Amino acid sequence: MNRAHLNKLFTVLLAGVLAGMALAAAALPAALVFGIGFKNLMPYAALPESLKAPEPAQRSNLYASDGRTLITSFYVEDRVDVPVDEVAPVMRQAIVAAEDVRFYQHHGVDVRGVVRAFTANRREGTRQGASTLTMQYVRNALAGDPRLTEKQRARATEITAGRKIREMRYALALERRLSKDEILGRYLNIAYFGAGAYGIAAASKRYFSTTPAKLTLAQAALLAGLVRSPDTDDPINGDADAALSRRAYVLDRMAETGQVDAATVAAAKAEQLRLTPSATPNDCTAVPAAHNDWGFFCDWFTQWWNAQPAFGSSVDERQRTLRRGGWKIVSSLDPDVQAEAIDQVLRIYPKSNERAAPTAVVQPGTGRVLAMAVNRNYSVAANPAGQQNYPNTVNQLVAGGNGIVGYQAGSTFKLFAMLAALESGLPLATDFDAPSVYVTHYPVDGGPANCGGNWCPANANPTWMDGRRTMWSAFGRSVNTYFAWLTERVGADRVVEMAERLGIVLRAPDDARLARDGAKNWGAFTLGVAATTPLDLANAYATVAAEGTWCRPTPIASITDSSGRTVAAGGPDCRQVIDTDVARAAADAARCPVGGQSMYRGCDGGTAEELAPGLRRPVAGKTGSSEQNATETVVAFTPQLAVATIAANPDDTRDAVGGGVQVRQIEAVGRLLGYALRDQPALDFVPPSQSVALRQTSPRTGD
């Protein structure tokens, strides 16, 4: 049955009911007709939740840490609700004039309009509707409720007499409970204005780059006129002349009803169409072009969101929640620190270099990630043959995941052997006469560090590293054989467990298998042969900076829902994972590599001695080089901040970056820390106790 036949059927069915009502309305007070005649048709309590507690899809906005700088938005429909009193009066008047001039006189169903439509529609070729603004709101609310199934939403717009009658019943029930302004506000927030703009806030921004409160008469009339045919009359993508014609119609209606005087209407009609369109960004590839580097942080945010059970039971459901929920998400991204991070990364390697220097900045004690930078374009544009991540990529080179397993971080993993040893009861003063080569009991199959089938690491610089060492001097000079011996004393499995406890995620399948099934014999783990990421590494060292408090890395400062309520899922997730005194001892030893001095004067050389003097504040850290300098790593931290950067070729592990790049990495990390902490006091580390520094004890598992 076609639309015309259905329309005639509707008018025939409804005529008997409503024509008599129209006659009654002429003779009886309106309150009697609507108050008694309809009061039992539909109780408010029986209305669907879509109308009682509407949840139209609204865009979610992701902001930088200042809460004002927009990173991007996520939406299916570009909509954000605003209170009706924040909509300019001329806009409210214009939409009533355009869609339902008797809005403030009827009770949800305009009997006069129904009779007029019935009479007009009996004439061949003529079609008029009788939907009030309230009925239109009912239709839009049901059709756009994400809680309903596709079939249920489709019923809201089907062309049947049943749907029309249902709309009337719902409209009557709504008008008995809600004020006219409440209904008008709901309508303005749900109506589609074309060009992808849902609701008056999005429409004001889309066409005029303004807010609903600042709309002029001419702008309001244009927007009100679009609701009837938003796709064809859209002046950006459709017919600008049709939009102006509708604007004139709305202005005339406003004059006829006395809402605006004739002179003002004439002036508004004479105004040229002055559009100042602005599109709302959608998703991570739409971050501002000037801040393309924010895309990697944004991408990691979506990974984080997709892992949160608070937003749904599956990734698909969580994405629907994000794109329809109207969340205000204030992220941890500090635009100033991010800008400095990308500047320093580009000093290590420019974007024209196939090698990368992914870098992460983490706040100890909260896990908040202030910056994520890498010398790549965040883009899906094509790359040269054989290059997956150069110069364009949307892969997560900083945080890992989605196929990116990370990079070997070399001697930075010695931290985990030291922590395991300290926790077992060994003190920082534990000494060992480190040889040039140390033959362990750990079996190996081939490789350069193989002595008769046993793993036997060597010191990179025997004249500087060999000899009697403590944890202080061995960590400072990065003595491989000392830490191989130390790992044997405490157990390689405890070293692996310590790393995982501090958040090192073993994403490479072989690494995960060894950790699960062969950790007791994985002595080489201590020297950083497992793949990791700058974010995991920075956060592990941030745990030491926070005196043993590990926090799950988070891109979030706060999340509020569409009604302004704070969501608990946005808070830090922290717990004490190592004894406070053990963490203080590790921080004390970590002052040695970067040119500092321990509280017990145990340092006597470091691999990055220029870092501390240049920073001029207490700092700790570690450098790392993988086999044959395939990768180079620098980690540094203060009590307030931790930074990690890894130089590698993500597309070719055979391309050794060489040791020379580490000098630039050290300089870059020092400058980045100095800039990020420029307005913060120079805090010192708390000294460890004499017990953990000097005496062997029973296992230290306090807190």
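Here the structure is a predicted model, which is why all the values come from computation and not from measurement.

Rules of the game
Residues numbered from 1 in each chain as written. Predicted model: local features only at pLDDT ≥ 70, side-chain atom pairs only at ≥ 80, totals over all residues. Heavy atoms only, no water. Buried < 20%, exposed > 50% of the residue type's maximum accessible area, 1.4 Å probe, protein only. Helix = DSSP H or I, 4+ residues; strand = E, 2+ residues; numbered from the N terminus. Pairing = 2+ DSSP bridges. Axes fitted to C-alpha atoms, helices over the stretch in contact; angles between N-to-C directions. Contact = heavy atoms within 4.5 Å. 1 Å grid on protein atoms, 1.4 Å probe; cavity = no way out; pocket = protein on both sides within 12 Å on 5 of 7 lines; lining within 4 Å. Points joined across faces, edges and corners; volume = space filled by probe spheres on them. Nonpolar A, V, L, I, M, F, W, Y, C, P; charged D, E, K, R; others polar. pLDDT = per-residue confidence, 0-100. Lys, Arg positive; Asp, Glu negative; His and termini not counted. Salt bridge = Lys/Arg side-chain N within 4 Å of Asp/Glu carboxyl O. Polar contact = N/O pair within 3.5 Å; in protein donor to acceptor, adjacent residues only side chain to side chain. Expected span 1.5 Å × (residues − 1).

## Some thoughts on helix 18 (residues 414–424)
Stage number 1. Of all 11 residues in helix 18, 11 are buried, a share of seventy percent or more.
Stage number 2. Those residues of helix 18 that sit buried are Lys414, Leu415, Phe416, Ala417, Met418, Leu419, Ala420, Ala421, Leu422, Glu423 and Ser424.
Stage number 3. Among the residues trailing helix 18, Gly425 stands out with phi positive, at a value near 115 degrees.

## Side note on the sheet that holds strand 15 (residues 556–560)
Stage number 1. As summarised here, the arrangement of the four strands in space is 2-1-3-15, forming an open sheet in which the pairing is mixed. Bordering the open sheet on either side are strand 2 (70–74) and strand 15, each of which pairs with just one other strand. Along the sheet, successive strands turn relative to each other by an average axial angle of 15 degrees, direction set aside.
Stage number 2. Pairing geometry for strand 1 (residues 60–63) and strand 3 (residues 328–331), over three bridges, is parallel. Each residue of the ladder has a partner; that of Leu62, found in strand 3, is Ile329.
Stage number 3. Contacts between helix 15 (residues 294–306) and the sheet are confined to strand 1, strand 2, strand 3 and strand 15, with strand 2 contributing the most and set at about 45 degrees to the helix.

## Regarding unusual backbone geometry
Stage number 1. Omega for the peptide link from Tyr390 to Pro391 comes to -5 degrees, which places this bond in the cis form.
Stage number 2. Structurally, the position occupied by Pro391 is in the loop between strand 6 (377–378) and strand 7 (392–393).
Stage number 3. The phi angle at Ala195 is positive, at roughly 55 degrees, despite the residue not being glycine.
Stage number 4. Looking at the secondary structure, you find Ala195 in the loop between helix 9 (180–190) and helix 10 (200–208).
Stage number 5. Since its relative accessible area comes to 16%, Ala195 is described here as buried.
Stage number 6. Positioned with a positive phi, Ser209 is a non-glycine residue whose angle comes to about 50 degrees.

## Thoughts on empty space enclosed by the protein
Stage number 1. The tally for this structure, following the rule as stated, stands at two cavities of 30 Å³ or more.
Stage number 2. Estimated volume of the largest cavity: approximately 40 Å³.
Stage number 3. In this structure, the largest cavity is lined by Val138, Leu142, Arg155, Ala156, Arg163, Arg166, Glu167 and Tyr170.
Stage number 4. Sorting the residues of the lining of the largest cavity by element identifies helix 6 (133–144) and helix 8 (161–177) as the ones contributing at least two each.
Stage number 5. Residue composition of the lining of the largest cavity, grouped by class: four nonpolar, no polar and four charged.

## Some words on the confidence of the model for the protein chain
Stage number 1. Averaged over all residues, the pLDDT of the protein chain is 90; the fraction at 70 or higher stands at 91%.
Stage number 2. A low-confidence stretch, residues 3–40 stays under pLDDT 50, and its non-local contacts, those more than four residues away or across chains, total 45 contacts.
Stage number 3. Within the model, pLDDT remains below 50 along residues 124–128, and this stretch shows 10 contacts once partners closer than five positions in the same chain are excluded.

## Quick word on the side chain of Lys622
Stage number 1. Relative to the helices and strands, Lys622 is located in strand 17 (residues 620–625).
Stage number 2. For the buried Lys622, no salt bridge is present, and the opposite-charge side chain at shortest range is Glu632, 9.6 Å distant.
Stage number 3. Within the structure, Lys622 has its side chain in polar contact with the side chain of Ser478 (distance 2.9 Å).
Stage number 4. In contact with Lys622, not counting residues within four places along its chain, are Ser411, Thr412, Lys414, Phe475, Ser478, Tyr541, Pro593, Val594, Thr633, Val634 and Val635.

## Comments concerning helix 24 (residues 534–545)
Count 3.6 residues to each turn of an α-helix, and residues three or four apart come out pointing the same way.
Stage number 1. An ideal rise of 1.5 Å per residue puts 16 Å on 12 residues; helix 24 measures up with 16 Å between its terminal C-alpha atoms.
Stage number 2. Among the 12 residues that make up helix 24, 12 are buried, leaving the element largely enclosed by the rest of the structure.
Stage number 3. Downstream of helix 24 by one or two residues, Glu547 has phi in the positive range, about 55 degrees.

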